[in-house]
Protein chains: 2
Amino acid sequence: MSKTRIAITGYGNLGRGVELAIRQNDDMELVGVFTRRDPSTVKLATEGVKVYNIADAAKMADEIDVMIICGGSATDLPRQTPELAKSFNVIDSFDTHARIPEHFANVDKAAKESGHLAMISLGWDPGLFSLNRLYAESILPDGKSYTFWGKGVSQGHSDAIRRVPGVKRGIQYTCPVEAAMDAVRSGSQPELTTREKHTRLCYVVAEEGADKAAIEQAIKGMKNYFDEYDTTVNFITEEEFDRDHTSMPHGGFVMRSGKTGKDGSTHQMIEYSLKLESNPEFTASVLVCYARALARLRAEGQTGCRTAFDIAPAYLSPLSGEELRAKML
Amino acid sequence: MSKTRIAITGYGNLGRGVELAIRQNDDMELVGVFTRRDPSTVKLATEGVKVYNIADAAKMADEIDVMIICGGSATDLPRQTPELAKSFNVIDSFDTHARIPEHFANVDKAAKESGHLAMISLGWDPGLFSLNRLYAESILPDGKSYTFWGKGVSQGHSDAIRRVPGVKRGIQYTCPVEAAMDAVRSGSQPELTTREKHTRLCYVVAEEGADKAAIEQAIKGMKNYFDEYDTTVNFITEEEFDRDHTSMPHGGFVMRSGKTGKDGSTHQMIEYSLKLESNPEFTASVLVCYARALARLRAEGQTGCRTAFDIAPAYLSPLSGEELRAKML
């Protein structure tokens, strides 16, 4: 069987993760990386694979089965995914939940017009967490769903810390509140706001001579970011920062507390969780396995846009239906 | 929109659970229950629904969209599902893992020949646990999967206890070993046998004057069932038994410990768990939501046999694709 030929657009943390994830799948190969930078300045981890300018992508359409687009959701993907869908089967990890319907419509139109297949919003949230919300709510229609995030780095909150005067380095972890999770697990179906479900844990390297009390106060009082949360600020040395706070862990929990039975008194609890040492590497692994499904569904003649909800799970695995039933069912 | 017309074959714990689950879904209605017993002896929980002899089922084929078959896997389903697939779109919870390929082939043949659609092995294991194994292994190909069961009642082991002389009532719970689960969560990818992952907890009501020490010894030494497990036997009164041990709780955990990254040193952990107060009611809820998918896929013209692996998640929900993308992605 010939391998599925994958290309990557955008070579940041996510793009590098996709490159490494492809190596873990024998039925796929990386055939090129596209960038807005000068290609000669981009050094890949893989020998023998070329880096191209994104402007040259369309010329290579015949050599690429699936283009994995690794840009940011704020400005890159809303433009890149519909544009690249004119020439490629594309997949992205667009994660601005509120703008998904609009992004879907744009990508669907471009892909249908050009006869390609696209998938958007693949990763873990949106993505695997969305799937778990859908499965759990379909199975237990009488119930309540909860999503908790963390422990993990929030880029926006880390940026906010670094804007405080006197802060040299800073990082913020969003942490789920154990007591809130236990309340959900008890079946009491509590009403919980995002604030009640999470605390904010900050690590800061202060500039020499900076007023640490003032920094702590500035962070804890920051409107929208920290003021309504239980926030902890820890001051550490730059050595500690480099040693303990340069990876990108994340994760979270999707829970469904449901009721069944004659008088709705039977409690049924479904829980899904991720504990990730690297958020971008994991998101990349999700993208790569959905790229397999994308290539297969395109080979069946499908066009337009899809999400995780539309993909039968068997398409994700390199195993045949027969093997899956024998080994995994 | 007209409702999906569901019928039930077999009215035990699972069949009763299906009857109650249908009430939680506005787009479905129960139109009949089929039994091998004298129909006049079967009292449903639902007013106005009739009970029929299973021999009369085929005559009612035009009035039923999906037949949910609630028999046992040992002898009922291998016979009933292919037979009923000649007249109906059918779904069952066949759970003898080793015989799934054979059952699939039989049901697939019958359904294709008669132009019906069938789904087998729906529930939580096989079913939701299988799905989680498939998703997790496709996403993290370099890793190890673990399934833990419990805390939950094992019917086979409870039966074995009740065969011991001097035992009046008895029940056995399979319990996952916390230390083994924590070892998996640590990322060490331990080799664990089923025995190392589970303990056996027994509650026994002894006959008056019975030798409790002898009962305990007989249970703990029972070959294949208990001798190689860490087994605890608790003697309780009949009142305690009736108060605490007549429901059918179950559950378990599916875990995938995987590695990603340049040198495979990044640990990524996926965990799915169920904590069910009623095993049959939850299995019934899974069957009913897959019955919705079955009716939709049949309306698209599909025939033959499917499993959970073949069903795109969107088919399980009463919401439209547009609603799902806006609310749940």
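The following paragraphs examine the structure supplied in this document. (Residues numbered from 1 in each chain as written. Chains lettered and ligands numbered in written order. Predicted model: local features only at pLDDT ≥ 70, side-chain atom pairs only at ≥ 80, totals over all residues. Heavy atoms only, no water.)

## Overview of the packing of helix α1 (residues 13-23) of chain B against helix α10 (residues 279-299) of chain B
Residues and elements named next belong to chain B.
Item 1. The interhelical angle for the contact between α1 and α10, taken along N-to-C directions, is 55 degrees, at an axis separation of 8 Å. Between α1 and α10, the angle is such that the two are oblique. As for how α1 packs across α10, the hand of that crossing is right-handed. Contact residues: α1 offers N13, L14, G17, V18, A21 and I22, while α10 offers P280, E281, T283, A284, S285, L287 and V288.
Item 2. For the contact of α1 with α10, the per-class residue count stands at eight nonpolar, four polar and one charged. (Axes fitted to C-alpha atoms, helices over the stretch in contact; angles between N-to-C directions. Helix = DSSP H or I, 4+ residues; strand = E, 2+ residues; numbered from the N terminus. Parallel < 35°, antiparallel > 145°, perpendicular 65-115°, else oblique. Left-handed = near helix turned anticlockwise from the far one by under 90°. Contact = heavy atoms within 4.5 Å. Nonpolar A, V, L, I, M, F, W, Y, C, P; charged D, E, K, R; others polar.)

## Comments concerning the layout of surface pockets
Item 1. By volume, the largest pocket is sized at about 1,400 Å³.
Item 2. Taken together, 45 residues line the largest pocket, and the ones lying closest to its centre are B:S73, B:D95, B:V153, B:Q155 and B:N279.
Item 3. Taken together, the residues of the lining of the largest pocket break down into 15 nonpolar, 24 polar and six charged.
Item 4. Considered as a void within the structure, the second largest pocket measures approximately 1,100 Å³ in volume.
Item 5. As for the second largest pocket, its lining consists of 33 residues, and the residues nearest its centre are A:D95, A:V153, A:Q155, A:H250 and A:N279.
Item 6. Of the residues in the lining of the second largest pocket, the class split is 11 nonpolar, 19 polar and three charged. (1 Å grid on protein atoms, 1.4 Å probe; cavity = no way out; pocket = protein on both sides within 12 Å on 5 of 7 lines; lining within 4 Å. Points joined across faces, edges and corners; volume = space filled by probe spheres on them.)

## Concerning the sheet that holds strand β1 (residues 4-9) of chain B
Residue and element names in this part refer to chain B.
Item 1. With parallel pairing, the seven strands of this open sheet are ordered in space as β3-β2-β1-β4-β5-β6-β14. At either margin of the open sheet sits one strand with a lone partner, and together these are β3 (51-53) and β14 (304-306). On average, each strand axis in the sheet is tilted by 25 degrees relative to the strand beside it, whichever way the strands run.
Item 2. Summarising the sheet, strand β4 (residues 66-69) and strand β5 (residues 90-92) pair through three bridges and their orientation is parallel. In the strand pairing of β5, M67 is matched with V90. (Pairing = 2+ DSSP bridges.)

## So, the sheet that holds strand β8 (residues 152-153) of chain B
All names here are of chain B.
Item 1. Pairing in this open sheet of four strands is mixed, and the strands run β8-β9-β10-β11 from one edge to the other. Edge positions in the sheet fall to β8 and β11 (231-235), since each has one partner strand and no second.
Item 2. Where β8 and strand β9 (residues 167-176) come together, two bridges link them in antiparallel fashion. Paired with G152 across the two strands is T174, which belongs to β9.
Item 3. Where helix α5 (residues 155-162) meets the sheet, it contacts β8, β9 and β10 (198-206), and its direction lies at approximately 145 degrees from that of β9.

## Points about the relation of the copies chain A and chain B
Item 1. Expressed as a screw operation, the relation of chain A to chain B combines 0.0 Å of axial shift with a rotation of 180 degrees, fitting to an RMSD of 0.0 Å. Such a combination of turn and shift is consistent with a two-fold rotation axis. Residues of chain A ranked by C-alpha distance from the rotation axis are headed by A:A312, positioned 1.9 Å from it.
Item 2. Same-surface contact between copies: 100% of interface residues of chain A are shared with the interface of chain B. (Least-squares fit on C-alpha atoms with pLDDT ≥ 70 in both.)

## Brief notes about the interface of chain A and chain B
Item 1. The partner chain B presents 65 residues to the 64 residues of chain A that form the contact.
Item 2. When the two sides are added together, the surface that chain A and chain B hide from each other amounts to roughly 5,600 Å², 63% of it contributed by carbon and sulfur.
Item 3. Put simply, chain A and chain B have zero salt bridges between them.
Item 4. Scanning the region where chain A abuts chain B turns up 27 residue pairs in polar contact (both at pLDDT 80 or more).
Item 5. Contributing elements (two or more residues each) for the side of chain A that touches chain B: α3 (100-114), α4 (128-139), β12 (250-260), β13 (266-276), α10 (279-299) and α11 (321-327) of chain A.
Item 6. Here the element with the most residues in the side of chain A that touches chain B is β13(A); it accounts for 11 residues.
Item 7. Pairing analysis gives nine bridges linking β13(A) to strand β13 (residues 266-276) of chain B, with the strands arranged antiparallel. By the bridge assignment for β13(B), A:Q268 is matched with B:L276. (Buried area = accessible area lost by both parts, 1.4 Å probe. Salt bridge = Lys/Arg side-chain N within 4 Å of Asp/Glu carboxyl O. Polar contact = N/O pair within 3.5 Å; in protein donor to acceptor, adjacent residues only side chain to side chain.)

## Some points on empty space enclosed by the protein
Item 1. The tally for this structure, following the rule as stated, stands at three cavities of 30 Å³ or more.
Item 2. In this structure, the largest cavity is lined by 15 residues; those nearest its centre are A:N132, A:Y135, A:Y272, B:N132 and B:Y135.
Item 3. Counting residues per element, the lining of the largest cavity draws most heavily on helix α4 (residues 128-139) of chain B, at six residues.

## What to know about helix α1 (residues 13-23) of chain A
The periodicity of an α-helix, 3.6 residues per turn, causes residues three or four positions apart to be oriented the same way.
All names here are of chain A.
Item 1. Here α1 lies mainly inside the structure; eight of its 11 residues are buried.
Item 2. Residues L14, G15, G17, V18, E19, L20, A21 and I22 constitute the buried set of α1.
Item 3. Check the buried side of α1 and you find it contacts β1 (4-9), β2 (28-35), β4 (66-69) and α10. (Buried < 20%, exposed > 50% of the residue type's maximum accessible area, 1.4 Å probe, protein only.)

## Some remarks on the pattern of salt bridges
Item 1. All chains considered together, the criterion is met by 42 salt bridges over all chains.
Item 2. One connected set of salt bridges, linked through shared partners, spans A:K168, A:R169, A:E238 and A:D242.

## Thoughts on the nonpolar core
Item 1. Counting 152 residues, the largest nonpolar core has A:I68, A:F282, A:Y290, B:I68, B:F282 and B:Y290 as the members making the most contacts within it.
Item 2. When near neighbours in sequence (up to four residues on either side) are disregarded, A:F282 contacts A:W124, A:L128, A:L274, A:L276, B:I139, B:L140, B:Q268 and B:I270. (Core = buried A, V, L, I, M, F, W, Y, C linked by side-chain atoms within 4.5 Å.)

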